Amino acid sequence: MPTIILKRKRDYMIIFRALKIYINNEFIDYFEPDEKIKKFEIEEGSKLKIKVDWCYSNTVEISHRENQNVNEGHSFIISSQIHNGLFILIFGCFITGNSLMILDKINPFAYLALISPIAIIVGWQIFGRNNYLRLTRLNHK
């Protein structure tokens, strides 16, 4: 049975959230925020998927590769589609826009322009919910 090794990337969108691990559309275990690595064994040919709230990752089928050692596991990194730089930009614009509006330093149109990048996060969670997370396979050497 192949060993699965999941590693959690430090993405601000998912850093404090528990991720659910699904194999063949059945819930297996949680990947808690304080865990960095999670290992478990599954049957060959199974499909792995990660879920957070109502958003999913891509589905990965676990199969034996011809250049893979039998004792090696399948390693994956879990990350969000919204990377840290984009998240900081969106959060900064949102806080700046709200602060300037409260202090009455900008007009409503500039305020809307400053908070509009929040639509990127909302769009990913609504329209891109089946690709919100990313499972990336690590190559063994």
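Please refer to the structure placed before this passage.
What you see is a predicted model; the values in this text were computed from it and never measured. (Residues numbered from 1 in each chain as written. Predicted model: local features only at pLDDT ≥ 70, side-chain atom pairs only at ≥ 80, totals over all residues. Heavy atoms only, no water.)

(A) Representation of the overall build of the protein chain in the model. The number of helices and strands found in the protein chain is three helices and nine strands. Along the protein chain, from the amino end to the carboxyl end, the secondary structure elements read β-β-β-β-β-β-β-β-α-α-α-β. Radius of gyration (C-alpha) of the protein chain: 19 Å, far over the 14 Å computed for a compact globule of 141 residues. Expressed as lengths along the three principal axes of its C-alpha atoms, the size of the protein chain is roughly 65 × 30 × 25 Å. The buried share of the protein chain, reckoned over its 141 residues, is 35%. Contacts spanning at least 24 positions in sequence make up 67% of the contacts within the protein chain whose residues lie at least 6 apart. When the accessible area of the protein chain is evaluated, it comes to approximately 8800 Å², of which 56% is carbon and sulfur surface. With 18 positive and 14 negative side-chain charges, the protein chain shows a spacing of 7 Å between the two charge centroids. (Helix = DSSP H or I, 4+ residues; strand = E, 2+ residues; numbered from the N terminus. Rg over C-alpha atoms; globule rule 2.2 N^0.38 Å. Buried < 20%, exposed > 50% of the residue type's maximum accessible area, 1.4 Å probe, protein only. Contact = heavy atoms within 4.5 Å. Areas by Shrake-Rupley, 256 points an atom, 1.4 Å probe, with all protein chains shown as cover. Lys, Arg positive; Asp, Glu negative; His and termini not counted. Charge placed at Lys NZ, Arg CZ, Asp CG, Glu CD.)

(B) Spotlight on a nonpolar patch on the surface. A contiguous nonpolar surface patch, about 790 Å² in accessible area, is contributed by Trp 54, Phe 91, Phe 94, Ile 95, Ile 118, Val 122, Ile 126 and Phe 127. Elements with a minimum of two residues in the nonpolar patch: helix H1 (84-102) and helix H3 (118-126). With respect to the element layout, Phe 91 can be found in helix H1. (Patch = residues over 30% accessible without salt bridge, like charges linked within 9 Å, V, L, I, M, F, W, Y side chains within 5 Å. Salt bridge = Lys/Arg side-chain N within 4 Å of Asp/Glu carboxyl O.)

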